[in-house]
Amino acid sequence: MKQAESMTGNQSAPAARSVDDAEVARFAALASRWWDATGPYAPLHALTPARIGFVRMAVTKHLDCDARSMRPFAGLSLLDVGCGGGILAEPLTRLGADVTAIDPAGENIEAARAHAAETGLEIDYRAETAEALSQAGQSFNIVVASEVIEHVIDPGAFIATLATLAKPGGLVLLSTLNRTLKSFALAIVGAEYILRWLPRGTHDWEKFITPDEMEAFLRTAGMEPLDVQGMIFNPLKNEWRLGDDASVNYWLAARKNPV
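Residues numbered from 1 in each chain as written. Predicted model: local features only at pLDDT ≥ 70, side-chain atom pairs only at ≥ 80, totals over all residues. Heavy atoms only, no water.

So, about unusual backbone geometry. You will see that Asp 64, though not glycine, has its phi angle at about 55 degrees, which is positive. If you trace the backbone, Asp 64 turns up in the loop between α2 (42-62) and β1 (77-81). (Helix = DSSP H or I, 4+ residues; strand = E, 2+ residues; numbered from the N terminus.)

What follows covers the sheet that holds strand β2 (residues 98-102). Taken together, eight strands build an open sheet; the order of strands is β3-β2-β1-β4-β5-β8-β6-β7 and the sheet is mixed. In the strand order of this sheet, the two ends are held by β3 (124-126) and β7 (239-243), each with one partner. Across the sheet, the mean angle from the axis of one strand to that of its neighbour is 20 degrees, orientation sign disregarded. Alignment of strand β6 (residues 223-234) against β7, held across five bridges, turns out to be antiparallel. Bridge pairing in β7 links Met 231 to Leu 242. The strands touched by helix α6 (residues 155-165) within the sheet are β1, β4 (140-146), β5 (166-177), β6 and β8 (249-256), with β5 carrying the most contacts at an inclination of about 145 degrees. (Pairing = 2+ DSSP bridges. Axes fitted to C-alpha atoms, helices over the stretch in contact; angles between N-to-C directions. Contact = heavy atoms within 4.5 Å.)

Now for the environment of Arg 255. Following the sequence through the fold, Arg 255 ends up in strand β8. Its relative accessible area of 22% is what places Arg 255 among the partly exposed residues. Distance in space between the C-alpha atoms of Arg 255 and Asn 141 is 10.0 Å, their sequence separation being 114 residues. Look past the residues within four positions of Arg 255 in its chain and what remains in contact with it is His 62, Gly 169, Gly 170, Leu 171, Gly 222, Met 223, Glu 224 and Leu 226. (Buried < 20%, exposed > 50% of the residue type's maximum accessible area, 1.4 Å probe, protein only.)

Moving on: the pairing of β5. Here β5 lies mainly inside the structure; nine of its 12 residues are buried. Alignment of β4 against β5, held across six bridges, turns out to be parallel. Bridge pairing links Ser 146 to Ser 175 in β5. Note: β5 against β8, seven bridges, orientation antiparallel.

Turning next to the pattern of salt bridges. Per the counting criterion, the structure on display carries nine salt bridges. Here Asp 227 and Lys 61 are joined by a salt bridge, their closest N and O atoms 3.0 Å apart. Of this pair, Asp 227 sits in strand β6 while Lys 61 sits in helix α2, and the two are 166 residues apart along the sequence. The class for Asp 227 is buried, based on a relative accessible area of 13%. Of the charged contacts in the structure, one is a salt bridge between Asp 245 and Lys 182, with a shortest N-O distance of 3.0 Å. In this pair, Asp 245 sits in the loop between β7 and β8 while Lys 182 sits in helix α7 (residues 181-194), placing the two residues 63 residues apart along the sequence. For Asp 245, a relative accessible area of 30% translates into the label partly exposed. Look at Lys 182 and you get partly exposed, because its relative accessible area is 38%. (Salt bridge = Lys/Arg side-chain N within 4 Å of Asp/Glu carboxyl O.)

Grouped together as the largest cluster of nonpolar side chains are 33 residues, with contacts concentrated most on Val 59, Leu 92, Val 99, Tyr 125 and Leu 173. When contributions to this core are tallied by element, the ones reaching two or more residues are α2, α3 (89-94), β2, α4 (106-119), β4, β5 and β8. Top contributing element to this core by residue count: α2, with seven residues. If we skip the residues at most four places from it in the chain, Val 59 touches Asp 64, Cys 65, Phe 73, Leu 76, Ile 142, Leu 171 and Leu 173. Listed in part, the 27 residues of the second largest apolar core include Phe 158, Ala 246, Tyr 250 and Leu 252. (Core = buried A, V, L, I, M, F, W, Y, C linked by side-chain atoms within 4.5 Å.)

Within α6, nine of the 11 residues are buried, leaving the element largely enclosed by the surrounding structure. Residues Gly 156, Ala 157, Phe 158, Ile 159, Thr 161, Leu 162, Ala 163, Thr 164 and Leu 165 constitute the buried set of α6.

Here Glu 90 shows up in helix α3. Accessibility expressed as a relative area gives 1% for Glu 90, which makes it buried. The contacts of Glu 90, once residues within four sequence positions are left out, are Trp 35, His 115, Ala 116, Thr 119, Leu 121, Ile 123 and Tyr 125.

Before going further, it helps to examine the packing of α6 against helix α8 (residues 211-220). Contact geometry for α6 and α8: axes closest at 9 Å, N-to-C directions at 50 degrees. Taken as axis vectors, α6 and α8 run oblique relative to one another. The element α6 and its partner α8 pack so that their crossing is right-handed. On the side of α6, the interface is formed by Pro 155, Gly 156 and Ile 159, while α8 contributes Met 214, Phe 217 and Leu 218. Residues belonging to the contact of α6 with α8 are distributed by class as follows: five nonpolar, one polar and no charged. (Parallel < 35°, antiparallel > 145°, perpendicular 65-115°, else oblique. Left-handed = near helix turned anticlockwise from the far one by under 90°. Nonpolar A, V, L, I, M, F, W, Y, C, P; charged D, E, K, R; others polar.)

Everything listed here is a matter of coordinates, which is why it stays silent on function.
Shown next, in the form of structure tokens:
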């Protein structure tokens, strides 16, 4: 649901543009609705507890954090790529991370800053692209791109950029939709046309990426795939949970190989 640019080659090379301007404009037009839990981003609000659950699991497992702590990410730098209005950046900050959150739509960043000010959270929000941070030589312990890659033009180049933004031994964590018949039925037909959870045209099924494709992109970018876990909707409880079924929504964690 959020956008970022990506690049190929080294950090000094010209960035290959992966932002879809029409997508950016569509989400920017809804910037004032990011924190309306009953509005167009209601499904993302519902999904966020499961998203936080995976990020917490992956970080505490692979970066040797204290999983019992209330702030297990203390001392770690984290980049939220395509942060939108900050729905994910805020709880990640509460877990103790030093969060930088970027989005190419300035309207989204304004909404995110306003909400953070209301809640008293310090988050480094920037109307910026991943390429710009990469070319500036910035790097982080954790790089998160949640519900982003299915909206970019070149997913392989996007992942290559994310890899440059992770410190050696750091993590890149991605969530997206699998390209299966089940995801077409549930995420496109069901969510957009029948239940109308999302505006029509929010997703393009042909842009969905399988876990195998994601792992191949990550290996090419010098990353070691670690964990794949699904996010599964329970209609009886109207909630999402983590599980083994990655046929629709899923997370993938990868570690950057040491230099």
